Amino acid sequence: MKKIFGIAFDRDIRRVQVSNAMTSVSLSFVSIYIPAFLLTHGFSLSEMILFFTVFHLVGLPIGLLFCPWSMRRFGLIKTLRFSYPLQVISLVLLNLMPTFSIPWVLIAVIGGSATFVYWMPLNILLVKYSDKEKMGSDLGMFFALPKVFGVVGPLVSALLIPMFGFWPMFAVACIGLIFSSLPLVGIPDDGFKIEIDMRNAWKTLWKRKLLFTLEGLDNIIEESEWFWGIFVFLIIGSLSVPGIVGGLESLGGALFAVLIGKRANRNAEKLVPIASIGLIVIWVARFFVHEPVLAYSISLIASFVMTFFLVSYFGMIYRKIKGDDEEEFLIIREIPTVLGRLVMFGVLLLVVSDPKLMFFLPIVSITALLAILFVKRKRFETADPSSV
């Protein structure tokens, strides 16, 4: 049985997990620093938010139009591989932007397209090759591997970027991306001729309105966590901050993903409310952060709780939709996903003069998610996937 980094490739899901880990680790050298890069090169906080708004708002329709067509014509693996050159091009252009005055809108469009062309087929691969009975542990490994190997990236960047600038880390990220698709070589790409009619997207959204509502709320919660790293950078002001926060988040997430994954195989529905309450406590505590040690401590604890939430939540959702036109769901889910992110960006623009007010948004979103799960709990307990 072939092993890489001690991981047995006895199932194709392992190849998907390792490929995603390589991509995530490569991007970990720069992804957490992109907001800091923009802010240190003349962007205001509002302009930085606008960059990521265009990133998602334009990337979504490109992904919705390109991915179904490409997956029918070329298959899942080849479609996913299209994302790597797009990602490299966006990073190169971003690094060159201050010198050559490259339009930031162009970079946002290419980067957003790369992101959606990556995640749409990857999510389908993840659900396709996960066992329904092992969904929690498979997702635990999916979340754990990038964090286990991704601890070093942000910390190295925290050390080197203040000394040498951003370009060495952009180079490392691009080189890593070039090799990230290698683990997928062993997965057959025929038999994935997916038929998705985007004209019926709204019918699908209405049919699964409960799940799509949860997806929107989940992405408000996730994107709010992304903003936390930016907030810490703003209050502390050191270029080392994003790397330290990213390293702590990877460390905490790696440990917790492995521990909680197996429990989520059978108990995801019960674990999601526990994790959600933990997240509310974390966001309330963040109102009182004013100095680095407390910010770093909360970042470490939050990474445990956030991974607890993500593994349990996605274990519940993916197990529910597996075997019931999951390809269509995983493509169309990007609509409420982006809407959730746009809500977060919109609220952040409204409170840009006092960003800490944004902390109320994830608290409200988590509370709404808990309320829906409580009211509709019987639908999640039933074995019928069409019930949600």
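Structural data are supplied above this passage.
The rules we used
Residues numbered from 1 in each chain as written. Predicted model: local features only at pLDDT ≥ 70, side-chain atom pairs only at ≥ 80, totals over all residues. Heavy atoms only, no water. Core = buried A, V, L, I, M, F, W, Y, C linked by side-chain atoms within 4.5 Å. Buried < 20%, exposed > 50% of the residue type's maximum accessible area, 1.4 Å probe, protein only. Contact = heavy atoms within 4.5 Å. Axes fitted to C-alpha atoms, helices over the stretch in contact; angles between N-to-C directions. Helix = DSSP H or I, 4+ residues; strand = E, 2+ residues; numbered from the N terminus. Parallel < 35°, antiparallel > 145°, perpendicular 65-115°, else oblique. Left-handed = near helix turned anticlockwise from the far one by under 90°. Nonpolar A, V, L, I, M, F, W, Y, C, P; charged D, E, K, R; others polar. Salt bridge = Lys/Arg side-chain N within 4 Å of Asp/Glu carboxyl O. Phe/Tyr/Trp six-rings, centres within 6.5 Å; stacked < 30°, edge-to-face > 60°. Lys NZ or Arg CZ within 6 Å of the ring centre and 35° of its normal. Expected span 1.5 Å × (residues − 1). Bend = angle between axes of the 7 residues up to and from the residue.

Enquirer: How should I be thinking about the nonpolar core in this particular structure?
Expert: Looking at soluble globular proteins, one finds that nonpolar side chains tend to be buried together. Counting 122 residues, the largest nonpolar core has Leu38, Leu91, Trp228, Phe309, Tyr313, Tyr318 and Leu369 as the members making the most contacts within it. Residues in contact with Leu369, not counting those within four places in the same chain, are Leu214, Leu217, Asp218, Ile221, Val272, Ser276, Phe309 and Tyr313.

Enquirer: Just to check I follow, could you spell out the packing of helix α11 (residues 209–236) against helix α16 (residues 334–350) for this structure?
Expert: The description of two packed helices rests on the angle between their axes and on the distance between the axes. With their axes 7 Å apart at the nearest point, α11 and α16 run at an angle of 45° to one another. The orientation of α11 relative to α16 falls into the category oblique. Pair α11 / α16 crosses with right-handed handedness. Counted together, Phe212, Glu215, Gly216, Asn219, Ile220, Glu223, Ser224, Trp226 and Phe227 of α11 and Pro336, Thr337, Gly340, Arg341, Val343, Met344, Phe345 and Leu348 of α16 form the full contact between these two elements. Class assignment for the residues of the contact of α11 with α16 results in 9 nonpolar, 5 polar and 3 charged.

Enquirer: Where do I start with the side chain of Arg333 in this structure?
Expert: If you trace the backbone, Arg333 turns up in the loop between α15 (326–332) and α16. Other than its neighbours up to four places away in sequence, Arg333 contacts Asn123, Phe212, Glu215, Phe314 and Tyr318.

Enquirer: How should the pattern of salt bridges be read in this particular structure?
Expert: Proximity of charged atoms lets side chains of opposite charge pair with each other. The full count for this structure, using the stated rule, is 4 salt bridges. As a salt-bridge pair, Arg333 and Glu215 come within 2.6 Å of each other at their nearest N and O atoms. One end of the pair, Arg333, is in the loop between α15 and α16; the other, Glu215, is in helix α11, and 118 residues separate them in sequence. A single burial state applies to Arg333 and to Glu215, both of which are buried.

Enquirer: Explain the packing of aromatic side chains here, please?
Expert: Each aromatic ring pair is characterised by the separation of its centres together with the angle its planes make. Inspection of every chain in the model, using the stated rule, returns 27 aromatic pairs. Seen in terms of ring centroids, Tyr33 and Phe166 are 6.2 Å apart; in terms of plane orientation they differ by 70°. Their pairing is edge-to-face. Here Tyr33 is found in the loop between α1 (12–28) and α2 (34–40), whereas its partner Phe166 is found in the loop between α8 (152–164) and α9 (167–179), with 133 residues between them in sequence. Assessed through its relative accessible area of 1%, Tyr33 is described here as buried. According to the relative accessible area criterion, Phe166 is buried, its value standing at 10%. For the ring pair Trp119 and Phe142, a centre distance of 6.4 Å and an interplane angle of 75° mean the geometry is edge-to-face. Here the residue Trp119 occupies a position in helix α6 (residues 104–129), and Phe142 occupies one in helix α7 (residues 135–150), the gap between them amounting to 23 residues. Connected via pairs of aromatic rings, a cluster forms that spans Phe43, Phe51, Phe52, Phe55, Trp104, Trp226 and Phe345. Directly above the aromatic system of Trp228 lies the positively charged group of Arg286, at a separation of 4.3 Å from the ring centroid.

Enquirer: Explain unusual backbone geometry here, please?
Expert: Negative phi is the rule for most residues except glycine; trans is the rule for most peptide bonds. Positioned with a positive phi, Ser101 is a non-glycine residue whose angle comes to about 55°. Looking at where Ser101 falls in the secondary structure, it is placed in the loop between α5 (83–100) and α6. Assessed through its relative accessible area of 63%, Ser101 is described here as exposed.

Enquirer: Got a minute to help me understand α8 in this structure?
Expert: Three- or four-residue spacings in an α-helix give side chains the same orientation, since the helix completes a turn every 3.6 residues. With 13 residues, α8 should reach 18 Å at 1.5 Å per residue; the first-to-last C-alpha distance of 17 Å fits that figure. Along its length, α8 reaches its greatest deviation from straightness, about 30°, at Ala158, and the proline Pro162 lies no more than four positions downstream. Taken together, the buried positions of α8 are Gly153, Pro154, Ser157, Ala158 and Ile161. Among the residues trailing α8, Gly165 stands out with phi positive, at a value near 90°.

Enquirer: What is the right way to read the packing of α5 against α6 from this model?
Expert: Two numbers describe how α5 lies on α6: the axes approach to 8 Å, and their chain directions differ by 155°. Here α6 runs roughly antiparallel to α5, going by the angle between their axes. Classified by chirality, the crossing of α6 by α5 is left-handed. On α6, the residues that touch Ser83, Tyr84, Leu86, Gln87, Ile89, Ser90, Leu93, Leu94 and Met97 of α5 are Trp104, Leu106, Ile107, Ile110, Gly111, Ser113, Ala114, Thr115, Val117 and Tyr118.

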